[in-house]
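# Overview (structure and organization)
Each chain, letter by letter, is given below.
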Amino acid sequence: MLSLPPIAVAASALPGRWQGPISRSGDPCRRCHSARRLSWSTAVAVASALAAPSVRHVLSRFVGRRSARRQSIALRQLGLTLLRSEGESSTGRSPSEIDVAQADDDGVKPEKPEISRYQRVENLLWEAWRNSERPRPPLKEVLETLAFHKACQKLLGSKALVIDAAGGHGAIALAFRAFGGAERAVVADLYQPRSFANLRAAWMPEDEDTERAVRHERIDISCPGWLKSLLEREGVHAEATAVVAAHACGGLSDELIRECTALSVEFAIMPCCHKKESGRRRDMLRHAVKLLDIPYSVVLDIARLGVIDACPGYKASLRMIDKAISPMNRMLIGTRETSPQTEARADSRRNYVDKLAGKFRTIFSTSRGKHQELQEDSADS
Ligand SMILES: C[S@@+](CC[C@H](N)C(=O)[O-])C[C@H]1O[C@@H](n2cnc3c(N)ncnc32)[C@H](O)[C@@H]1O
């Protein structure tokens, strides 16, 4: 369990805004209760993060490079996540109970918010990761995985099969399985790192048939048709499948979009390495970048969203994870529309063009009328 003095020491060593509200002996906080709790949470979180040597390296990267606001967001996010796992594992109580109970030394009774099922699973995953064998995916990868999952889980829903394309350590596949978003999962990659087996052992209950539930398969996702043959081998329908991919490099993201839309499979892809593009499209995008003065990666991802949206029966969505976790933080999501949604979209398109045509018809008919009047007038005179 976290004890107060080291937290207070660590917190008081922090610059600026963390010092005032967290002082144990200082004036009672005049702000609202939640704000006070937040500052305590921040203090405890930062202290616990600083205390862990494995985290210091990551923190120093954030602290070194980002603006003050981003630093605080990054620190808080990292620390709070760690704190959650700390709280759940050591006491069986929720982290908010712990930080409030420990922080509240001047008699104000805080309310105890319920911990959601989602948070409980997240805490368990953190705990299991902390105790897992090495090599294991580093902290940044776990933060990214959980943020990725949170950002797209509702859109993708629950599937019979989730394919973690270019999945490497397979953390995303394992997270979908752990949160109940996949009956089983396949990590499709050319290479299987040792961290996969260690994370799988940590994140899957011992009594499960782990190899069947989440397995790594050597698949070249740049080969057209790989998804179709995988679905055939698995005996799963396209609509019961989702493809997820974090940091599918360069053109691999486009290949994934093509594979998925060809089969009507839903997907969530977080592209990276945008500059590795080549060919005619790169020239077109570079020209657009120059004219519009916006970053290449933004233009490319928006163009990809347009491609998804133009696929019949697809709905394109953009989601982002915190930039402090990864600067390559845009997620392109393609979900299938229901028939009423497709009809509503077609109707609204038709209504729009009809209205536009109607407007021009009125203008032209009025001006034609006036033109005729003028001609008749001139003929009369
Ligand atoms: C940047 S890593 C991302 C790994 C993981 N998704 C993550 O977020 O950490 C890119 C991954 O793509 C895999 N990869 C590259 N080309 C591939 C291909 N043609 N087929 C399958 N996997 C590929 C690499 O082996 C590597 O694991």
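Anyway, here's the lowdown on the structure attached to this text. (Residues numbered from 1 in each chain as written. Predicted model: local features only at pLDDT ≥ 70, side-chain atom pairs only at ≥ 80, totals over all residues. Heavy atoms only, no water.)

Scanning the protein chain for helices and strands turns up 15 helices and seven strands. Buried residues in the protein chain amount to 45% of all 381 residues. Long-range contacts, defined here as pairs at least 24 residues apart, represent 66% of the contacts in the protein chain between residues at least 6 apart. When the accessible surface of the protein chain is summed, it comes to about 20500 Å², and 54% of that surface belongs to carbon and sulfur atoms. (Helix = DSSP H or I, 4+ residues; strand = E, 2+ residues; numbered from the N terminus. Buried < 20%, exposed > 50% of the residue type's maximum accessible area, 1.4 Å probe, protein only. Contact = heavy atoms within 4.5 Å. Areas by Shrake-Rupley, 256 points an atom, 1.4 Å probe, with all protein chains shown as cover.)

Reading across the sheet, the seven strands line up as β3-β2-β1-β4-β5-β7-β6 and stay open at both edges, with mixed pairing between neighbours. The open sheet is flanked by β3 (214–218) and β6 (314–320), the only strands paired with a single partner. Between one strand axis and the next, the sheet turns through 20° on average, direction left out of account. The pairing of strand β1 (residues 159–165) with strand β4 (residues 241–249) spans four bridges and is classified as parallel. Among the inter-strand pairings, Leu161 is bridged to a residue of β4, identified as Thr241. Contacting β5 (266–272), β6 and β7 (330–336), helix α14 (residues 296–310) runs over the sheet at an angle of about 5° to β7. (Pairing = 2+ DSSP bridges. Axes fitted to C-alpha atoms, helices over the stretch in contact; angles between N-to-C directions.)

Attention now moves to helix α9 (residues 194–203). Inspection of α9 places Ser195, Phe196, Asn198, Leu199, Arg200 and Trp203 among the buried residues, and these make up the whole buried set. Buried residues belonging to α9 abut α6 (117–130), α7 (139–156), α8 (171–178), β2 (182–189), α10 (210–213) and β3.

Enumeration according to the criterion identifies 18 salt bridges in this entry. Between Arg258 and Glu255 there is a salt bridge; the shortest N-O distance is 2.9 Å. With Arg258 and Glu255 both in helix α12 (residues 252–263), this residue pair falls three residues apart, about one helical turn. Given the relative accessible area of 25%, Glu255 is considered partly exposed. Arg304 is the partner of Asp301 in a salt bridge, and the nearest nitrogen-oxygen pair spans 3.1 Å. Of this pair, Asp301 and Arg304 both sit in helix α14, separated by three residues, roughly a single helical turn. Residue Arg304 is classed as buried on the basis of its relative accessible area, which comes to 1%. If you follow the salt bridges from partner to partner, you end up with Arg184, Arg215, Glu217, Arg233 and Glu234 in one network. (Salt bridge = Lys/Arg side-chain N within 4 Å of Asp/Glu carboxyl O.)

Right, let's get into α6. With 14 residues, α6 should cover 20 Å at 1.5 Å per step; its first-to-last C-alpha distance of 20 Å lies within 8% of that length. Three or more residues of α6 are buried, namely Tyr118, Val121, Glu122, Asn123, Leu125, Trp126, Ala128 and Trp129. (Expected span 1.5 Å × (residues − 1).)

On to the site of the ligand. Neighbouring residues of the ligand: 16 residues in total, closest Glu141, Ala166, Asp189, Asp220 and Ala246. In this structure, Ile219 approaches the ligand through a main-chain N or O atom, which is 3.5 Å from a nitrogen atom. Note that a nitrogen atom of the ligand is positioned 3.0 Å from one of the backbone N or O atoms of Ile221. Protein coverage of the free-state accessible area of the ligand, which is 590 Å², stands at 76%. If you list the elements that add at least two residues to the shell around the ligand, you get α7 and β4. For the shell around the ligand, the class distribution of residues is seven nonpolar, five polar and four charged. (Near = heavy atom within 4 Å. Polar contact = N/O pair within 3.5 Å; in protein donor to acceptor, adjacent residues only side chain to side chain. Nonpolar A, V, L, I, M, F, W, Y, C, P; charged D, E, K, R; others polar.)

To continue, consider the pairing of β2. Here β2 lies mainly inside the structure; seven of its eight residues are buried. Both β1 and β2 contribute to a ladder of six bridges, which runs parallel. Opposite Val162, over in β2, you have Ala185 as the bridge partner. Of the crossover connections in this fold, the one passing from β1 over α8 to the parallel β2 is right-handed. As paired strands, β2 and β3 are joined by five bridges and run parallel to one another. (Right-handed = clockwise from strand over helix to strand, strands pointing away.)

Phe148, Phe176, Trp203, Val214 and Met331 are the most contacted members of the largest nonpolar core, which totals 41 residues. For this core, the secondary-structure elements that each account for two or more residues are α6, α7, α8, β2, α9, β4, β5 and β7. With nine residues, α7 is the single largest residue contributor to this core. Each residue touching Met331, except ones within four places of it in the same chain, is listed here: Phe148, Ala151, Cys152, Ala268, Ile269, Met270, Ser317, Leu318, Arg319 and Ile321. (Core = buried A, V, L, I, M, F, W, Y, C linked by side-chain atoms within 4.5 Å.)

A contiguous patch of negative charge on the surface is contributed by Glu373, Glu376, Asp377 and Asp380. In this structure, Asp377 sits in helix α15 (residues 339–380). (Patch = residues over 30% accessible without salt bridge, like charges linked within 9 Å, V, L, I, M, F, W, Y side chains within 5 Å. Lys, Arg positive; Asp, Glu negative; His and termini not counted. Charge placed at Lys NZ, Arg CZ, Asp CG, Glu CD.)

Moving on, we come to the packing of aromatic side chains. Enumeration according to the criterion identifies three aromatic pairs in this entry. Aromatic pair Tyr118 and Phe179: ring centres 4.4 Å apart, planes at 15°, arrangement stacked. You can see Tyr118 sitting in helix α6 and its partner Phe179 sitting in the loop between α8 and β2, a full 61 residues away along the chain. For the pair formed by Tyr118 and Phe179, the shared burial category is buried. Ring centres of Phe267 and Tyr314 lie 5.9 Å apart, and the angle between their planes is 40°; this geometry places the pair in the tilted category. Taken as a pair, Phe267 in strand β5 and Tyr314 in strand β6 lie far apart in primary sequence, 47 residues in all. (Phe/Tyr/Trp six-rings, centres within 6.5 Å; stacked < 30°, edge-to-face > 60°.)

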